[in-house]
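# Descriptive structure summary
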Amino acid sequence: MLWEPVIGLEIHAQLSTESKIFSGASTAYGAAPNTQACAIDLGLPGVLPVLNENAVRKAVKFGKAIDAEVAKRSIFARKNYFYPDLPKGYQISQYELPIVGPGHVEIVLEDGSVKRVGVTRAHLEEDAGKSLHEDFQGMSGIDLNRTGTPLLEIVSDPDMRSAKEAVAYARKIHQIVVYLGICDGNMQEGSFRMDANVSVRRKGEQRLGTRAELKNLNSFRFLERAINYEIERQIEQIESGGEVVQETRLYDANNDETRSMRSKEEANDYRYFPDPDLLPVEIGDELVAEVLGAMPELPDAKRRRFRKDYGLSELDADLLTTTRVQADYFETVAQACGDPKLAANWVMVELAGALNRQGLDVADSPLGPEALAALLLRIRDQTISGKIAKQVFDAMWRGQGSADSIIESQGLRQITDDSAIEAVVDQVIADNPQQLEQYRAGKEKLLGFFVGQVMKATQGKANPGRVNLLLKAKLSR
Amino acid sequence: MSLDRADVEKIAHLARLALSEEEANGLAVDLSRILDLVAQMNQVETGGVDPMAHPLDMVQRLRPDKVTESDQREKFQSVAPMTDQGLYLVPRVLE
């Protein structure tokens, strides 16, 4: 029996505003408990929410980036449920008329083909606080600093057919919100959280199977593992004669499994209704025009431009546009050194390798793009060879100075002067009469041996092109 | 359209309201009447009327994104039943 998984994702992206969505309390991460929870966040009697303009702008920006309809008029609703990290007894969210309507993104599948994934909607809502279950006198501790942080909940269509596709989609959304500067994308701090709706059906079947909702997926790796576990679990369940129940399941990373959460069928009865504390939001053409005017180049457009303007391969263009910082770094190097392909190779191989070894991000690179470009210029004007350049790069990485000062102080300048190289070539030939004889007898692959000897004698500084030319001429004489 | 006692009890539970048997019976009648009124209003032809999300014919004012609140934790926590190390304490909740 062939089974087809059907997956949809709900992604909560915290919008990077200074203040909360409905109050003037700070959203900064990591403050002492409850020092950023004001009367509005606490839901004290008599308070009224006032909507943060910046949260609206950021939501509009996202809508425009995924080619979606931005609602001219949208309304807020109360989602009613009781939990201690939500002191009002309801979450202000959107139900009917969300701010962002249907849109779509494109993901690249493993075989290189492109798939379009629909985004059903994206709506604004407030985040809840945090419950700490360590022992506080046998009770739970509640920190409401996060309460009221603006969230954009991005709901996909059930378009994904494997865990890998779901991860590709989640990465794409992550890339877009970070490019747009509307979310910092920090998954450890919970700025970007994912829930997955997973069901399976027999291949060819049109109807959707019963789905389970997986919560608590805070990394792309866990997202993939949890979905794969859940697909297997549901198939086993059905094949052994049982059926899948609609429920919420929690992913347990330690045991790599999903577990049913306490059954809460009635808790899902949220009794949404329009929030009487908030008037309908109208988004005028002027605001949309302003947002569009400030729209950065998006990853897909950047990737296409890199291919066209810099002649990069699909793979290189994809890698170099992963993040905006990475793309900007590459572009600065490419323009400053005038050789995009050389720049691409150095950024992806030497720089990426060095960053990786120290667990650093491009943004924290000790070596700026201008410094790297200065090194590449020395390869281009043949002051040094590519091999020596790696040595110079390492010294620059260790903070020993600029490319030029290291080349000078360590005497790494390439020998391009033919007479100097000739002298070494003559010496090497004279020192190796046996090899010379063999070469002249037809063993031409010994050329490599001679080149090696010359490079060794010059500590790698002889221009390899000139060495080859001179050696060939002299050996065959 | 009518609601029975079980419906009322379910709604009361969702809203965390404790009702006596008498109150539940009374509410079942009252709420059913409200639903009847709604059913009656549903008969009215409203095809040409724009749906309304709020009784006020105004739009939401937007607030500039500025931090205007200062830390008043001590004040807020002075009326909380229990706190510890800046946290509000509640009966243990664990999934």
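Before reading on, note that the structure itself is shown above.
About the thresholds
- Residues numbered from 1 in each chain as written.
- Chains lettered and ligands numbered in written order.
- Predicted model: local features only at pLDDT ≥ 70, side-chain atom pairs only at ≥ 80, totals over all residues.
- Heavy atoms only, no water.
- Contact = heavy atoms within 4.5 Å.
- Buried area = accessible area lost by both parts, 1.4 Å probe.
- Salt bridge = Lys/Arg side-chain N within 4 Å of Asp/Glu carboxyl O.
- Polar contact = N/O pair within 3.5 Å; in protein donor to acceptor, adjacent residues only side chain to side chain.
- Helix = DSSP H or I, 4+ residues; strand = E, 2+ residues; numbered from the N terminus.
- Nonpolar A, V, L, I, M, F, W, Y, C, P; charged D, E, K, R; others polar.
- Pairing = 2+ DSSP bridges.
- Right-handed = clockwise from strand over helix to strand, strands pointing away.
- Phe/Tyr/Trp six-rings, centres within 6.5 Å; stacked < 30°, edge-to-face > 60°.
- Lys NZ or Arg CZ within 6 Å of the ring centre and 35° of its normal.
- Axes fitted to C-alpha atoms, helices over the stretch in contact; angles between N-to-C directions.
- Parallel < 35°, antiparallel > 145°, perpendicular 65-115°, else oblique.
- Left-handed = near helix turned anticlockwise from the far one by under 90°.

## Topic: the interface of chain B and chain A
The extent of an interface is frequently quoted as the accessible surface area lost upon association of the parts. Facing 37 residues of chain B, the contacting portion of chain A comprises 57 residues. Carbon and sulfur atoms make up 60% of the surface buried where chain B meets chain A, a total of about 4300 Å² over both sides. Our count for the contact surface shared by chain B and chain A stands at 1 salt bridge. For the interface between chain B and chain A, the tally reads 22 residue pairs in polar contact (both at pLDDT 80 or more). Contributions of two or more residues to the side of chain B that touches chain A are made by helix 1 (5-14), strand 1 (62-63), helix 3 (73-77) and strand 3 (87-91) of chain B. Take the side of chain B that touches chain A: its biggest share by element is 5 residues, from strand 3 of chain B. Of the residues contributing to the side of chain B that touches chain A, the split by class is 18 nonpolar, 7 polar and 12 charged. Alignment of strand 2 (residues 51-52) of chain A against strand 1 of chain B, held across 2 bridges, turns out to be parallel. Bridge pairing links Leu51(A) to Leu62(B) in strand 1 of chain B.

## Details of the side chain of Thr258(A)
All names here are of chain A. Among the structural elements, Thr-258 can be located in strand 14 (residues 257-260). Within the local environment of Thr-258, its side chain forms a polar contact with the side chain of Glu-230, the two groups lying 2.8 Å apart. With residues near it in sequence (within four places) discarded, Thr-258 still touches Leu-214, Ala-226, Tyr-229, Glu-230, Arg-233, Arg-249, Leu-250 and Tyr-251.

## Side note on the sheet that holds strand 5 (residues 90-93) of chain A
Residue and element names in this part refer to chain A. Pairing is antiparallel across the open sheet formed by 3 strands, whose spatial order is 5-4-15. Every interior strand has two partners, whereas the edge strands, strand 5 and strand 15 (273-274), have only one. Relative to strand 5, strand 4 (residues 77-80) runs antiparallel, the two being bridged by 4 bridges. The residue bridging Asn-80 from the neighbouring strand is Tyr-90, located in strand 5.

## Notes on the pairing of strand 12 (residues 212-217) of chain A
If a strand is regular, its side chains alternate between the two faces of the sheet. Residue and element names in this part refer to chain A. Summarising the sheet, strand 11 (residues 192-202) and strand 12 pair through 4 bridges and their orientation is antiparallel. By the bridge assignment, Val-198 is partnered in strand 12 with Ala-212. Alignment of strand 12 against strand 13 (residues 247-252), held across 4 bridges, turns out to be parallel. Among the inter-strand pairings, Glu-213 is bridged to a residue of strand 13, identified as Thr-248. Handedness of the crossover joining strand 12 and strand 13 through helix 4 (residues 220-239) is recorded here as left-handed.

## Description of the packing of aromatic side chains
Residues and elements named next belong to chain A. All told, the structure shown has 12 aromatic pairs over all chains when counted by the stated rule. Between Tyr-270 and Tyr-272 the ring centres are 6.1 Å apart and the planes differ by 80°, which places this aromatic pair in the edge-to-face class. Connected via pairs of aromatic rings, a cluster forms that spans Tyr-81, Tyr-95, Tyr-270 and Tyr-272. Its end group placed over the ring of Tyr-90, Lys-88 keeps NZ or CZ at 5.2 Å from the ring centre.

## Some points on the packing of helix 13 (residues 418-431) of chain A against helix 15 (residues 447-457) of chain A
Residue and element names in this part refer to chain A. In the contact formed by helix 13 and helix 15, the axes pass within 10 Å of each other and the chain directions differ by 125°. In terms of their interaxial angle, helix 13 and helix 15 are classed as oblique. Crossing geometry of helix 13 relative to helix 15 is assigned as right-handed. Taken together, the residues of helix 15 that come into contact with helix 13 (itself represented by Val-424, Val-425, Val-428 and Ile-429) are Phe-450, Gln-453, Val-454 and Ala-457.

## A word on the sheet that holds strand 7 (residues 114-126) of chain A
All names here are of chain A. Sheet architecture is open: 8 strands sit in the order 6-7-10-1-11-12-13-14, paired in mixed fashion. The open sheet is flanked by strand 6 (103-108) and strand 14, the only strands paired with a single partner. Going from strand to strand, the sheet's axes swing by 30° on average, the running direction of each strand aside. Of the strand pairs in this sheet, strand 6 and strand 7 are connected by 6 bridges, and their pairing is antiparallel.

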